[in-house]
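Here are the chains, one letter per residue:
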Amino acid sequence: MFKHGHGVLTLHAADYGVSRSFLLYDEQTVFRSLQRLGMELIAPGGSAALGGLMYFTDTKGAAHCVFHMRKPAHPSR
């Protein structure tokens, strides 16, 4: 899971009473890098199941991306 986009995002963290900055990452670049390392995307098992690429926005308004991936025990050749 990571914050996606381009550049840097600065948000106020009320729990800490400070502003925090986060690097944003392009999800396609991260995805391709993981694929080159032998990772495979896990497809969702149904309409209500988790899997694939998922996006959500947290309560502070930051956009996140989650990949459901695994590295197979015996990678295809």
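Here, every reference points to the structure presented above.
A short tour of the structure in this document, coming up. Because the structure is predicted, anything quoted here is derived from the model rather than measured. Think of each chain on its own: its residues are numbered from 1, step by step along the sequence as written. Totals for whole chains, interfaces and linings use all residues, but because this is a predicted model, local features are given only for residues with pLDDT of at least 70 and pairs of side-chain atoms are given and counted only at 80 or more. Hydrogens and water molecules were not included; the side-chain quantities draw on all heavy atoms of the structure.

Structural notes on the overall build of the protein
From N to C terminus, the protein includes one helix and seven strands. In the protein, the succession of α and β elements from N to C terminus is β-β-β-α-β-β-β-β. The C-alpha radius of gyration computed for the protein amounts to 15 Å, which surpasses the reference 11 Å derived for 77 residues by more than 25%, pointing to a less compact arrangement than a globule. The principal-axis extents of the C-alpha atoms in the protein amount to approximately 50 × 30 × 20 Å. The buried share of the protein, taken over its 77 residues, is 23%. Should any heavy atoms of two residues lie within 4.5 Å, those residues are considered in contact. Residue pairs in contact within the protein that sit at least 24 positions apart in sequence constitute 42% of those at least 6 positions apart. With 8 positive and 5 negative side-chain charges, the protein shows a spacing of 9 Å between the two charge centroids. What counts as a helix is a DSSP run of H or I of at least four residues, what counts as a strand is a run of E of at least two, and both are numbered from the N terminus. Between the two quantities, the radius of gyration covers C-alpha atoms and the globule rule is 2.2 Å times the number of residues to the power 0.38. Here the term buried applies to any residue with accessible area under 20% of the maximum for its type, exposed to any over 50%, and partly exposed to those in between, with areas from a 1.4 Å probe on protein chains only. Charge counting treats Lys and Arg as positive and Asp and Glu as negative, with His and both chain ends excluded. To locate a charge, take NZ of a lysine, CZ of an arginine, CG of an aspartate or CD of a glutamate.

Thoughts on the nonpolar core
Within soluble globular proteins, side chains that are nonpolar tend to cluster in buried spots. Core analysis: the largest hydrophobic core is formed by five residues, namely F2, F31, C65, F67 and M69. Residues within four places of F67 in sequence aside, it is in contact with F2, E27, V30, F31, L34, G52 and L53. As used here, the term nonpolar core means buried Ala, Val, Leu, Ile, Met, Phe, Trp, Tyr and Cys residues forming a set that is joined through side-chain atoms within 4.5 Å.

Examining the sheet that holds strand β5 (residues 53-57)
What the three strands build is an open sheet, ordered β1-β6-β5; its pairing is antiparallel. For this open sheet the edge positions go to β1 (2-3) and β5, each flanked by a neighbour on one side alone. Note on geometry: axes are C-alpha line fits, over the in-contact stretch for helices, and angles between N-to-C directions span 0 to 180 degrees. Sheet strands touched by helix α1 (residues 27-36): β1, β5 and β6 (63-67). Its angle to β6, the strand with the most contacts, is close to 20°. By this definition, two strands are paired if DSSP reports at least two bridges between them.

Regarding the pairing of β6
A large share of β6 lies buried, amounting to four of its five residues. Where β5 meets β6, five bridges bridge the pair, whose relative direction is antiparallel. Directly across from Y55, in β6, lies its bridge partner C65. Between β5 and β6, which pair antiparallel one after the other, the connecting turn spans five residues, and G61 there sits at a positive phi close to 90°.

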